[in-house]
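Structural description and commentary
What follows is the residue order along each chain.
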Number of protein chains: 2
Amino acid sequence: MARQESLRTSECPVARTLESIGERWCLMIIREAFDNVRRFSEFQKNLGLAKNILASRLKLLVDIGVFEVCPASDGSAYREYVLTEKGRSIFPIVVAMRQWGERFMFDEGEVHSVLFDNVDGQPIQPLEVRSANGNQLEPTDCYRQRVISGKQELLL
Amino acid sequence: MARQESLRTSECPVARTLESIGERWCLMIIREAFDNVRRFSEFQKNLGLAKNILASRLKLLVDIGVFEVCPASDGSAYREYVLTEKGRSIFPIVVAMRQWGERFMFDEGEVHSVLFDNVDGQPIQPLEVRSANGNQLEPTDCYRQRVISGKQELLL
């Protein structure tokens, strides 16, 4: 509990993100949702996850506003888990994980998936951290500063 | 084990990334390293983590090549954990988590940290997923395709 409390109330947005959606299966469920999976049975089939674990993770993701529960789009009695704006905004996190994995987690000749865009059919660009004027930044090019949310007023 | 095995051998790079560095404390340790933390005692002080847990996570991160262990930069007897290229390349993942957290995990008026760049002192750009020709992409603008690593040869 001490650990979770400290991440949840941290001034560091990385810590709060990890505390809310940082569990591995949560991010795998969200990855499925980016592939248009919406139903409990589909999540279960694709992830091979125990029903009780899947149910608890989906409840958590609904509670924190990543999914909303909607009637089935085909008019059947099923419920569907649909990403909210907060949920869709997780896309860069999942893409960053994907691109790191593509680069470092496969041997030459191993099969893996790559993201392409629908319009031109080309692989998407690598995500790069850039300054306001467009320069590519390494970790040592950046510093952290405390601000008040919403106002961006500097405290230090 | 079934779960870990399935993530480790998945064709999905997101799954392999989550399996290797997706544990919350691993990513918090890496975040500290991006702030130039290098020593066991500093990680422990900043994260408030039990020594045995910190030691196991650091060992894992060395074993998978995210850190290398080096003699202390000041010539003392301490060992330092220094990010490798593989480790430094985790930067976009941590920045994506930071920016999602900044946007969704703080109430108006709450204090949090923001990343600025050293040169112009401005907040860094939001990470955006873009196509090869620069268009911003939503999840529904993309599709996954299987390729062979290193060759980008399409299988499907």
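Above: the structure in question.
Residues numbered from 1 in each chain as written. Chains lettered and ligands numbered in written order. Predicted model: local features only at pLDDT ≥ 70, side-chain atom pairs only at ≥ 80, totals over all residues. Heavy atoms only, no water.

Here's the deal with the overall build of chain A
Applicable threshold: Helix and strand assignments come from DSSP, with helices taken as H or I runs of at least 4 residues and strands as E runs of at least 2, each series counted from the N terminus. Residue exposure (1.4 Å probe, protein chains only): buried if accessible area is under 20% of the type maximum, exposed if over 50%, otherwise partly exposed. Every residue pair with non-hydrogen atoms within 4.5 Å of one another is taken to be in contact. Each accessible area is a Shrake-Rupley estimate made with a 1.4 Å probe; only the visible protein chains count as cover when residues are assessed.
Each helix and strand in chain A was counted, giving 7 helices and 5 strands. The N-to-C order of helical and strand elements in chain A reads α-α-α-α-α-β-β-α-α-β-β-β. Considering only C-alpha atoms, chain A reaches an extent of 55 × 45 × 30 Å along its principal axes. Residues counted as buried form 47% of the 156 residues belonging to chain A. Of the contacts made within chain A by residues no fewer than 6 positions apart, 39% connect residues no fewer than 24 positions apart. Surface accessibility of chain A: about 7,500 Å² in total, with carbon and sulfur atoms responsible for 49%.

A short note on the nonpolar core
Proteins that are soluble and globular tend to have nonpolar side chains buried together. We apply this condition: Nine residue types can take part in a nonpolar core, namely buried Ala, Val, Leu, Ile, Met, Phe, Trp, Tyr and Cys, and a core is a set of them joined through side-chain atoms within 4.5 Å.
The biggest cluster of nonpolar side chains holds 78 residues, and the ones touching the most others in it are Phe67 and Ile90 of chain A together with Phe67 and Ile90 of chain B. The residues touching phenylalanine 67 of chain B, leaving out its near neighbours within four places in the chain, are Ile29, Ala33, Phe43, Leu58, Leu61, Val62, Tyr81, Val82, Leu83 and Thr84 of chain B.

A look at helix α2 (residues 13-21) of chain A
Extensive coverage of α2 of chain A is indicated by the burial of 9 of its 9 residues. Within α2 of chain A, the full set of buried residues consists of Pro13, Val14, Ala15, Arg16, Thr17, Leu18, Glu19, Ser20 and Ile21 of chain A.

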